[in-house]
Amino acid sequence: MSVRKYSIIDCTNKEARLKLPNFEPGEGFARQLDKQDALAKFRQAFYIADPDLIYLDGNSLGRLPLATRERVRTAVEMEWGIDLIRGWNANWYQAPARVGEKIARLVGAAPGQVLVSDSTSVNLFKLVCAALALRPERNCIVSDVLNFPSDIYILQGIIPLLGNRHSLTLVPSADEISIDLRDIAARIDENTALVTVSQVVFKSGFLYDVEELTRIAHRAGALVLLDVSHSVGAVPIAFDRWGVDLAIGCTYKYLNGGPGSPAFLYVNHALQPRALSPIWGWFGQQTPFAFDLTYNPAEGARRFLVSSPPILSILAMEAGLDLQIEAGIEQIRQKSIILTSYLVFLVDTILAPLGFTLGSPRDARQRGSHISIRHPEGYRINRALVEDMHLIPDFREPDNIRLGLAPLYTSFWEVWEGVDRIRRVVEEERYLCYSNQRQAVT
Ligand SMILES: *Cc1c(COP(=O)(O)O)cnc(C)c1O
């Protein structure tokens, strides 16, 4: 058994053809793929307490990088413990910008546009308010029905706050999996202030052609705000080249920043002189330690900072970013495409006969790094996988089991073994002893 050499393309190149290995169903083939995996060594950079636990939820909470443990220990014992308040001048005050510049390298942003700050939802609030103020004569916001609900809530909440001058249009999806750009284009006109979507949607994993989306929005004079929470660290991103105006993203998923790690924001240089944050905090003031009684916004993106940053969490995030930068996004995307394609192959051959359907795009160029599979008993199957089979995916209503494949540490054997455990749960009817009653966190 041998695996052919493969080469994979940039996901943004629509013309390129995918060359994938000829997948085979057995466990031995998974082990062959692992042997040929150029990123295999990165798995050793993560803390893996239990090798028998198949963790397919790195798109919700990434694993712990070993270097993070050391970094946190140093931050606590040396910086906080010994430096005390001197830490601010030594290292902490610049941390949101310094760590932001590392993220900038992963999102195709020249220096001075990315900052670590607050949470994804809060950053969305700040940037949407800024965008709407930049288009005062326009009153429509366009998003889509596959966007992350928190993003939709933030948009809904902003409308009454700004005096009910705006309306929100959610572009529908014909198949619950993808959004057709023509449907977006049809809803954008000279009244559209802002178009905001998730580059990779959280449920199906659909991947937008952001370059084309941006072209469509800009042609009508609208601004584009991109949420890259489910794509950063998994697919190539080129904010500057695509001309994205504003963006936000989460760091606890593929960037392995740790539970609740702070998010980041991007403000394109071209907008920076005019864009204003709706929250005028002292860290966004030009000279916070002058303690002026009048707010003067800081130059550049820094005006979007609000308050004392969560330093321990920002420092904890850095080790994960270093791993991403070392591995390189092209290599990561290449492995991700093979991982998800292999999983789709196994779903087709092993799980489809058991009643599963694919809830993600079939074309690898149109999806990120997670795959949803749907089954009428999805909720109970997911419970059985977690509690009985030592497999951690997650569940998204109404019937999606999401399988996240994190290229830095997910092995091909885990994909194979994961599918085999799902098969056993269904064949052996292990899910029947679980209730359909939803738990608080799925
Ligand atoms: C995970 C995720 C978020 C997270 O929002 P928080 O404010 O950090 O809780 C936001 N948007 C998308 C698209 C996500 O996938």
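Residues numbered from 1 in each chain as written. Predicted model: local features only at pLDDT ≥ 70, side-chain atom pairs only at ≥ 80, totals over all residues. Heavy atoms only, no water.

1. Concerning the overall build of the protein chain
Looking only at helices and strands, one finds 13 helices and 13 strands in the protein chain. Whereas a compact globule of 442 residues would reach a radius of gyration of roughly 22 Å, the protein chain reaches 22 Å, a difference of no more than 12%. Evaluated residue by residue, the protein chain yields a buried proportion of 56% over its 442 residues. Counting only contacts in the protein chain whose residues sit at least 6 apart along the sequence, the fraction spanning at least 24 positions is 73%. As displayed, the protein chain has an accessible area near 18300 Å², and 54% of this comes from carbon and sulfur atoms. Side-chain charges of the protein chain comprise 46 positive and 50 negative groups, with the mean position of each set lying 2 Å from the other. (Helix = DSSP H or I, 4+ residues; strand = E, 2+ residues; numbered from the N terminus. Rg over C-alpha atoms; globule rule 2.2 N^0.38 Å. Buried < 20%, exposed > 50% of the residue type's maximum accessible area, 1.4 Å probe, protein only. Contact = heavy atoms within 4.5 Å. Areas by Shrake-Rupley, 256 points an atom, 1.4 Å probe, with all protein chains shown as cover. Lys, Arg positive; Asp, Glu negative; His and termini not counted. Charge placed at Lys NZ, Arg CZ, Asp CG, Glu CD.)

2. Here we look at the sheet that holds strand β12 (residues 394-396)
If you trace the 4 strands from one edge of the open sheet to the other, you get β9-β10-β13-β12, paired in antiparallel fashion. If you trace the sheet from one side to the other, it starts and ends with β9 (357-358) and β12, each paired once. Sheet topology note: the β12/strand β13 (residues 400-404) ladder contains 3 bridges and is antiparallel. Residue pairing for β13: F395 is matched across the bridge by I401. (Pairing = 2+ DSSP bridges.)

3. Concerning the pattern of salt bridges
Side chains that differ in charge, positive against negative, can pair when their charged atoms come close. Enumeration according to the criterion identifies 31 salt bridges in this entry. We note a salt bridge from R215 to E211, for which the minimum N-O separation is 3.9 Å. Taken together, the residues span about one helical turn, with R215 and E211 both in helix α8 (residues 210-219) at a distance of 4 residues. A residue is classified by how much of its surface remains accessible, and R215, at 43% relative accessible area, is partly exposed. What makes E211 partly exposed here is its relative accessible area of 25%. The closest approach of N and O atoms between D388 and R430, which form a salt bridge, is 3.3 Å. Here D388 is found in helix α12 (residues 378-388), whereas its partner R430 is found in the segment after α13 (412-427), with 42 residues between them in sequence. In this structure D388 comes out as partly exposed when scored by relative accessible area, which is 36%. In this structure, a network of salt bridges that share partners links the residues R98, K102, E318 and D322. (Salt bridge = Lys/Arg side-chain N within 4 Å of Asp/Glu carboxyl O.)

4. Some details on the domain arrangement of the protein chain
Where interface size is given, it is often the accessible area lost as the parts come together that is meant. If you check the domain split of the protein chain, you get domain 1 (8-66 + 328-433) and domain 2 (93-326). Buried surface at the junction of domain 1 and domain 2, summed over both partners, amounts to about 2700 Å²; 58% is from carbon and sulfur atoms. Here domain 1 is connected to domain 2 by 2 salt bridges. A salt bridge links E326 to K41, with the shortest nitrogen-to-oxygen separation between them at 4.0 Å. (Domains from an automatic or database assignment. Buried area = accessible area lost by both parts, 1.4 Å probe.)

5. Section: the site of the ligand
Around the ligand, the surrounding shell consists of S119, T120, S121, F148, D151, S198, D227, S229, H230, Y252 and K253. The side chain of H230 places a nitrogen or oxygen atom 2.7 Å from an oxygen atom of the ligand. One of the side-chain N or O atoms of Y252 is found 3.0 Å from an oxygen atom in the ligand. Across the shell around the ligand, the residue classes break down as 2 nonpolar, 6 polar and 3 charged. (Near = heavy atom within 4 Å. Polar contact = N/O pair within 3.5 Å; in protein donor to acceptor, adjacent residues only side chain to side chain. Nonpolar A, V, L, I, M, F, W, Y, C, P; charged D, E, K, R; others polar.)

6. Here's the deal with a nonpolar patch on the surface
A cluster of nonpolar side chains, V72, V76, W80, L84, I85 and L312, forms an exposed patch at the surface whose accessible area comes to about 560 Å². Take the nonpolar patch: its biggest share by element is 3 residues, from helix α2 (residues 66-83). With respect to the secondary-structure elements, L84 resides in the loop between α2 and α3 (87-92). (Patch = residues over 30% accessible without salt bridge, like charges linked within 9 Å, V, L, I, M, F, W, Y side chains within 5 Å.)

7. Some points on α2
The end-to-end C-alpha distance of α2 is 24 Å, a good match for the 26 Å that 18 residues give at a rise of 1.5 Å each. The axis of α2 is deflected most strongly, by about 30 degrees, at A75. If you check which residues of α2 are buried, you get T68, A75 and E79. Tucked inside the fold, the buried residues of α2 contact α3 and α10 (311-327). (Expected span 1.5 Å × (residues − 1). Bend = angle between axes of the 7 residues up to and from the residue.)

8. Looking at the pairing of strand β8 (residues 264-267)
Of the two faces of β8, both are covered, the one formed by F264 and Y266 as well as the one formed by L265 and V267. In this sheet, β8 lies alongside strand β2 (residues 114-116) in antiparallel orientation, the contact comprising 3 bridges. In the strand pairing of β8, V114 is matched with Y266. Relative to β8, strand β7 (residues 246-249) is paired through 4 bridges, and the arrangement is antiparallel. Bridge assignment links L246 to a residue of β8, and that residue is V267.

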